[in-house]
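# A closer look at the structure
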Amino acid sequence: AQKVTQAQTEISVVEKEDVTLDCVYETRDTTYYLFWYKQPPSGELVFLIRRNSFDEQNEISGRYSWNFQKSTSSFNFTITASQVVDSAVYFCALSGVNSGTYKYIFGTGTRLKVLA
Amino acid sequence: DVKVTQSSRYLVKRTGEKVFLECVQDMDHENMFWYRQDPGLGLRLIYFSYDVKMKEKGDIPEGYSVSREKKERFSLILESASTNQTSMYLCASTHRGSGRESEQYFGPGTRLTVT
């Protein structure tokens, strides 16, 4: 079975603080992909990043960075120097190539509130 | 610019009504998906389609059906709406291409209230 766990339901930080959103996944697939999406108050999920199971290199994009560790089955997302515009619900998702179906498994999301 | 549109942002229907939610994508994507989003439960897959006239059940198909007569359009149908179907409904699409690694493109969502 595949599963994505985002244990943090809601996080509140003050602007300019760094914040890490946790994502832990379970899969038996040897090849899989992990994603992060942002859902601002407008409602539309926006794709942020994709990682495949063979690439454990961390990635940085501006104030965003991602840490993928297969040993702990985690794909954590860090926002550095948070801003009010980062306030949103963030979803981690998993897609397994070997599972034989076009399914993406989503976590329950983490609501991030950045206070001015 | 990539675009997925949904027919309504907000919809209010009465119990027992037949409800149609429409989704259109302009990216020539093969795969289309319907999710519902509820607080604390994240996104749950209702149905998906990987080609015209093809469909597969997701995790919570009960009470729903779908139609895909054209590649760009994927409709979700609530045959007889019930109050427990009050939710946010999200449509998404992906390119089949090289497999499941494609990111999904989402519509803005339809917030359905059944009274």
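Everything below is about the structure shown above.
What counts, and where the lines are drawn
- Residues numbered from 1 in each chain as written.
- Chains lettered and ligands numbered in written order.
- Predicted model: local features only at pLDDT ≥ 70, side-chain atom pairs only at ≥ 80, totals over all residues.
- Heavy atoms only, no water.
- Helix = DSSP H or I, 4+ residues; strand = E, 2+ residues; numbered from the N terminus.
- Buried < 20%, exposed > 50% of the residue type's maximum accessible area, 1.4 Å probe, protein only.
- Contact = heavy atoms within 4.5 Å.
- Polar contact = N/O pair within 3.5 Å; in protein donor to acceptor, adjacent residues only side chain to side chain.
- Salt bridge = Lys/Arg side-chain N within 4 Å of Asp/Glu carboxyl O.

Glancing now at the environment of B:Lys53. All names here are of chain B. On the secondary structure map, Lys 53 appears in the loop between β5 (42-51) and β6 (54-57). By relative accessible area, which is 56% here, Lys 53 ends up exposed. Note: C-alpha distance between Lys 53 and Glu 69 (16 residues apart in sequence) is 5.7 Å. With residues up to four places along the chain from it excluded, the contact list for Lys 53 reads Arg 68 and Glu 69. Within the local environment of Lys 53, its side chain forms a polar contact with the side chain of Glu 69, the two groups lying 2.4 Å apart.

What follows deals with the pattern of salt bridges. Taken as a whole, this structure holds eleven salt bridges over all chains when the rule is applied. Measuring nitrogen to oxygen at the nearest pair gives 2.9 Å for the salt bridge that ties A:Arg51 to A:Glu59. For A:Arg51, a relative accessible area of 9% puts it in the buried group. Looking at A:Glu59, the relative accessible area reads 29%, which means it is partly exposed. Salt-bridge contacts for B:Lys53 lead to B:Glu69; the nearest nitrogen and oxygen are separated by 2.4 Å. With B:Lys53 in the loop between β5 and β6 and B:Glu69 in strand β7 (residues 64-70), this pair connects stretches of sequence that are 16 residues apart. Pair check on accessibility: B:Lys53 and B:Glu69 agree, each one exposed. A single salt-bridge network, built from bridges that share partners, covers A:Arg51, A:Asp55 and A:Glu59.

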